[in-house]
Amino acid sequence: MQRREFITFLGGAAAAWPLTAHAQQHFRIGLLNTGADPFFVATFMGKLEELGYQEGKNIVVECKFAEGNAERLKEFAADLVRQHVDVIVTIGTPAGFAAKQATSTIPIVFGAISDPVGVGLATSLARPGGNATGNSLMAPELSAKRLEILRMLAPGISRFAILWDSSNPGMAARVRETEIAADQSHVLLRTVGPRSLDELEAAFAELLNQRPDALLVTTETFTRQHLARILDFANRNGIPAMFEDSSYVDAGGLMSYGPDYQEVFRTAAVFVGKILKGARPADLPIEQPTKFQLVINLRTAKALAIEIPPNLLAMADRVID
């Protein structure tokens, strides 16, 4: 082989080698969940596989479920950093805080978080800055739309209550937006923010005393953990309840209006794929949901002796009967 040919061959091999090594590399992905429910995992992993990332083949996924325990979240976040994962995907605002406090260098993808800009985890939607990007579930029109739907259910509804976990910073902005929407709609809104099971029981007693016409329930680890109690309270006392996540309606809630969470977690996987290919989180704009679903449970409506108006049924994306 002539010297020029050898140099050409060597240069070509050097250029090809990183691609081969990259293709054989096992990336490590950490999933850091505030709660205990693995509801998002199948959708997230399915989308990753579509993008060419398969568990055991070129990715290793480490799942951490904190079950609502703040200290455990911190420990799990620190453990993922010690493992030198390539990216951390967070579910819930507390998980986002735990990841950001644990590392300023490992890329973070907000799989599901209420308002990363509002709580200070990102500079802006367009330019997140730092090492984190992903989804923001904050959409100002959602709170007003939920109130509107409940008033379509019964035009005489004028007294609302919202049940939320007041220890969750991501929910504070959600409640503020609901208060603004209530003011604009000239309806009364009361808030109850239990942080423990005892406080939840006290909140139920307070709600019974106030007798709201309808109840709004935020989607977060606390309400997911105590969903059976919340559903029993609302349905037993004949209070129409509006949820943000259709899984709550599948469990027996009356109705929900909110993002298509399956699409949210597929988007999170797309973010991960871009980062594993070399994109910087700071350069990837945070995305807000564009698909929203109204789900109505007719079985629950019948049990509550509520007749769903035809125009509301026509709006529904899914009806459980």
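Residues numbered from 1 in each chain as written. Predicted model: local features only at pLDDT ≥ 70, side-chain atom pairs only at ≥ 80, totals over all residues. Heavy atoms only, no water.

**Student:** Describe the nonpolar core, with residues and values.
**Tutor:** In terms of nonpolar packing, the biggest core is built from 28 residues, with Leu 150, Phe 160, Met 255 and Leu 312 touching the most fellow members. At five residues, helix 5 (residues 141-153) tops the list of elements feeding residues into this core. Among all residues touching Leu 312, those that are not within four sequence positions of it are Ile 149, Met 152, Leu 153, Met 255, Leu 294 and Ile 296. In terms of nonpolar packing, the next biggest core, distinct from the first, is built from 27 residues, Val 41, Leu 48, Ile 91 and Leu 276 among them. (Core = buried A, V, L, I, M, F, W, Y, C linked by side-chain atoms within 4.5 Å. Buried < 20%, exposed > 50% of the residue type's maximum accessible area, 1.4 Å probe, protein only. Helix = DSSP H or I, 4+ residues; strand = E, 2+ residues; numbered from the N terminus. Contact = heavy atoms within 4.5 Å.)

**Student:** Lay out the confidence of the model for the protein chain in plain terms, naming residues and giving numbers.
**Tutor:** Within the protein chain, residue pLDDT values average 89, and 92% of them lie at 70 or more. In this model, residues 1-23 is a region of pLDDT below 50 whose contacts with residues beyond four sequence positions or in other chains number five contacts. (pLDDT = per-residue confidence, 0-100.)

**Student:** I'd like to hear about the environment of Val 41, residue by residue, with values.
**Tutor:** Here Val 41 is to be found in helix 2 (residues 41-50). In this structure, the C-alpha to C-alpha distance between Val 41 and Thr 105, residues 64 residues apart in sequence, is 24 Å. Apart from the residues lying within four places of it in its own chain, the contact partners of Val 41 are Leu 31 and Phe 65.

**Student:** I'd love a proper account of the side chain of Asp 245, names of residues and values included.
**Tutor:** The residue Asp 245 is located in the loop between strand 9 (241-243) and helix 10 (246-250) in this model. With near-sequence residues (within four places) excluded, Asp 245 lies in contact with Thr 219, Arg 224, Ser 256 and Tyr 261.

**Student:** Tell me about the packing of aromatic side chains, and name the residues and values.
**Tutor:** Counting across every chain of the model gives nine aromatic pairs. Judged by centre distance (4.4 Å) and plane angle (10°), the rings of Phe 204 and Phe 233 are stacked. Of this pair, Phe 204 sits in helix 7 (residues 197-210) while Phe 233 sits in helix 9 (residues 227-236); the two residues are 29 residues apart in sequence, bridging distant segments of the chain. Accessibility classification places Phe 204 together with Phe 233 in one group, the buried group. When the ring centre of Phe 39 is taken as reference, the NZ or CZ atom of Arg 224 above it lies at 4.2 Å. (Phe/Tyr/Trp six-rings, centres within 6.5 Å; stacked < 30°, edge-to-face > 60°. Lys NZ or Arg CZ within 6 Å of the ring centre and 35° of its normal.)

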